Amino acid sequence: MHSATIESLPRSQALDYSLRTDIKTNAQPFFHSAADGSRTVLALLVHGFSGSPYDLSDLGRYLGEHNINARGVLLAGHGGDYEHLAMTEHQDWWQSVYNELEKLRDQYDNIILIGYSFGSNLVLDIASKHPEKVKGIICMSTSVFIRKDRHVRFLAHFLSHFSDRAAKRRMAPEKRMVYEAGGRHITVPLKGLLSFFRFIDTVTKPNLHTVTSPLLLIHSRDDYASNPRSSEYIFDKIGSEDKELFIFNSFEHNPLNSSSRDVVFGKILSFFENHVAE
C-alpha cells in the first residue's frame with residue numbers, strides 16, 4: 001500500500017491529531033496524573049522538530065509519581081507519516097503548544113512549560129508573549145546553534161532546490177526501527193527544516209530579552225546535535241532575573257537518555273518545588 005501524497009491530504013488533518021489515524025502508539029500525547037490526585041501543578045512537555053512525546057515520556061511518568069500532573073504535547077504533523085509532517089511549519093507547531101496551554105490553564109493553579117530541543121524554542125516564545133499564563137520554563141538542549149551550523153544551513157538551502165526532503169543521519173536498521181517506533185522521523189521535509197532555522201533567527205534570538213519567567217536551562221556538554229553554546233547564549237540574553245544554567249558531561253542530545261538522567265530529574269523536580277505555590 002502506498003502512502004497518500006501530500007496533495008491528497010487535507011491540511012486540517014495534519015494540524016489536528018484527533019483527525020489522524022497514522023500516529024504511532026508511542027507517539028500519542030500523554031497525560032500522567034499527580035500521584036496524590038491534586039490538580040495544583042501541571043507540567044506541559046513539548047518535544048522538538050521531527051520528534052514526538054515519546055522523547056519526554058519517562059520525565060512525564062517521573063513527575064506524575066512526584067505529585068505533578070504532566071501533559072505531553074504532540075506538535076502538528078508529527079508522530080506518524082512523513083506526509084503530515086511535510087505540511088507543517090513553525091507557526092503550526094507553536095499553535096499546537098498554545099492551544100494545549102489554553103485548554104488546560106483554567107484547570108491548574110500553576111503551569112510550568114518544559115521544552116526539549118526545538119520544543120524549548122517554542123515554550124520560550126510562548127512564555128515571552130503570555131508570561132501571565134506560566135510560572136516558569138525548563139529548557140533542555142535548546143536549539144540556537146546546532147553542530148556544524150553554517151554547513152547544515154547551507155546544505156539545507158542548497159538541497160531545497162533539488163529535493164523536498166533529507167535524511168537526518170544514518171542509522172543501523174535495528175536502531176532505526178526503535179527510533180521510528182517512537183514516532184520520530186529520520187527523514188525530514190526541507191521546508192520544515194528551513195522553517196526551524198527561520199524561527200531561531202527571527203523569533204528566538206531577537207526576543208530572548210522579553211522573556212521574564214523563571215528559567216532552568218539544561219544541556220549536555222558534548223550534545224551531538226545542539227551546541228551547548230545555545231544555552232549559554234540564552235542565559236546571557238534572557239530577560240529573566242531568576243535563571244539557572246546546568247551543563248553536564250554527556251554526548252546525548254536528550255538529557256533524559258544520559259547517564260546523568262537522575263541528576264537531571266532531580267534538578268527539574270527542585271525547580272518545581274521552588275517555583276510553585278504550596
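The coordinates are above.
Predicted, not measured: the structure shown is a model, and the values here were computed from it.

Participant: I keep staring at the sheet that holds strand β8 (residues 215-220) and nothing clicks. Help me out?
Facilitator: What holds strands together in a sheet is hydrogen bonding between their backbones, with the strands either parallel or antiparallel. The strand order across the open sheet built from seven strands is β1-β3-β2-β4-β5-β8-β9, with neighbouring strands paired in mixed fashion. Every interior strand has two partners, whereas the edge strands, β1 (30-32) and β9 (243-248), have only one. Neighbour-to-neighbour, the strand axes of this sheet turn through a mean angle of 15°, independent of strand direction. Summarising the sheet, β1 and strand β3 (residues 69-73) pair through three bridges and their orientation is antiparallel.

Participant: For this particular structure, what's the right way to read the pattern of salt bridges?
Facilitator: Any two side chains of opposite charge can pair if their charged atoms end up close together. Under the counting rule described, the total for this entry stands at 15 salt bridges. We note a salt bridge from Glu102 to Arg105, for which the minimum N-O separation is 3.7 Å. Judged by its relative accessible area of 31%, Glu102 falls in the partly exposed class. In this structure Arg105 comes out as partly exposed when scored by relative accessible area, which is 29%. One salt bridge in this structure joins Glu102 and Lys133, with 2.6 Å as the shortest N-O distance. With Glu102 in helix α4 (residues 90-104) and Lys133 in the loop between α5 (118-129) and β5 (136-140), this residue pair connects regions lying 31 residues apart in the sequence. The exposure class of Lys133 is buried, given its relative accessible area of 11%. Within the structure, one salt-bridge network assembled from shared partners comprises Asp58, Arg61 and Arg261.

Participant: Would you mind showing me how to read the side chain of Asp22 here?
Facilitator: By the element assignment, Asp22 lies in the loop between α1 (11-15) and β1. According to the relative accessible area criterion, Asp22 is buried, its value standing at 13%. A polar side-chain atom of Asp22 sits 2.6 Å from the main-chain amide nitrogen of Asp81. Separated by 3.2 Å, the side chains of Asp22 and His84 make a polar contact. Those residues in contact with Asp22, other than ones at most four positions away along the chain, are Gly79, Gly80, Asp81 and His84.

Participant: Help me out: how do you make sense of the packing of aromatic side chains in this one?
Facilitator: How two aromatic rings sit relative to each other is given by the distance of their centres and the angle of their planes. Applying the stated rule across the entire model yields 13 aromatic pairs. Aromatic pair Phe49 and Trp93: ring centres 5.1 Å apart, planes at 35°, arrangement tilted. Within this pair, whereas Phe49 is found in the loop between β2 (41-46) and α2 (57-65), its partner Trp93 is found in helix α4, the two being separated by 44 residues in sequence. Assessed through its relative accessible area of 11%, Phe49 is described here as buried.

Participant: Where do I start with α4 in this structure?
Facilitator: Helical geometry note: an α-helix holds 3.6 residues per turn, so side chains three or four residues apart project in the same direction. The first and last C-alpha atoms of α4 sit 22 Å apart over 15 residues, in line with the 21 Å expected at 1.5 Å per residue. Among all positions in α4, only His90, Asp92, Trp93, Trp94, Ser96, Val97, Tyr98, Glu100, Leu101 and Leu104 are buried.

Participant: Would you explain the packing of α4 against helix α8 (residues 190-207) in this entry?
Facilitator: Any two packed helices are characterised by how steeply their axes cross, that is the angle between the axes, and by the distance between the axes. Viewed as axis vectors pointing N to C, α4 and α8 meet at an angle of 70°, and their least axial separation amounts to 9 Å. Considering their axes alone, α4 and α8 lie roughly perpendicular with respect to each other. Residues His90, Gln91, Trp93 and Trp94 of α4 form the contact with α8, whose own contacting residues are Gly192, Ser195, Phe196, Arg198 and Phe199. When its residues are assigned to classes, the contact of α4 with α8 shows four nonpolar, four polar and one charged.

Participant: Honestly, a nonpolar patch on the surface in this entry has me stumped. Any pointers?
Facilitator: A contiguous nonpolar surface patch, about 460 Å² in accessible area, is contributed by Phe154, Leu155, Phe158 and Phe162. Position of Phe154 among the secondary structure elements: in helix α6 (residues 149-159). Residue Phe154 is classed as exposed on the basis of its relative accessible area of 57%.

Cut-offs and rules
Residues numbered from 1 in each chain as written. Predicted model: local features only at pLDDT ≥ 70, side-chain atom pairs only at ≥ 80, totals over all residues. Heavy atoms only, no water. Pairing = 2+ DSSP bridges. Helix = DSSP H or I, 4+ residues; strand = E, 2+ residues; numbered from the N terminus. Axes fitted to C-alpha atoms, helices over the stretch in contact; angles between N-to-C directions. Salt bridge = Lys/Arg side-chain N within 4 Å of Asp/Glu carboxyl O. Buried < 20%, exposed > 50% of the residue type's maximum accessible area, 1.4 Å probe, protein only. Polar contact = N/O pair within 3.5 Å; in protein donor to acceptor, adjacent residues only side chain to side chain. Contact = heavy atoms within 4.5 Å. Phe/Tyr/Trp six-rings, centres within 6.5 Å; stacked < 30°, edge-to-face > 60°. Expected span 1.5 Å × (residues − 1). Parallel < 35°, antiparallel > 145°, perpendicular 65-115°, else oblique. Nonpolar A, V, L, I, M, F, W, Y, C, P; charged D, E, K, R; others polar. Patch = residues over 30% accessible without salt bridge, like charges linked within 9 Å, V, L, I, M, F, W, Y side chains within 5 Å. Areas by Shrake-Rupley, 256 points an atom, 1.4 Å probe, with all protein chains shown as cover.

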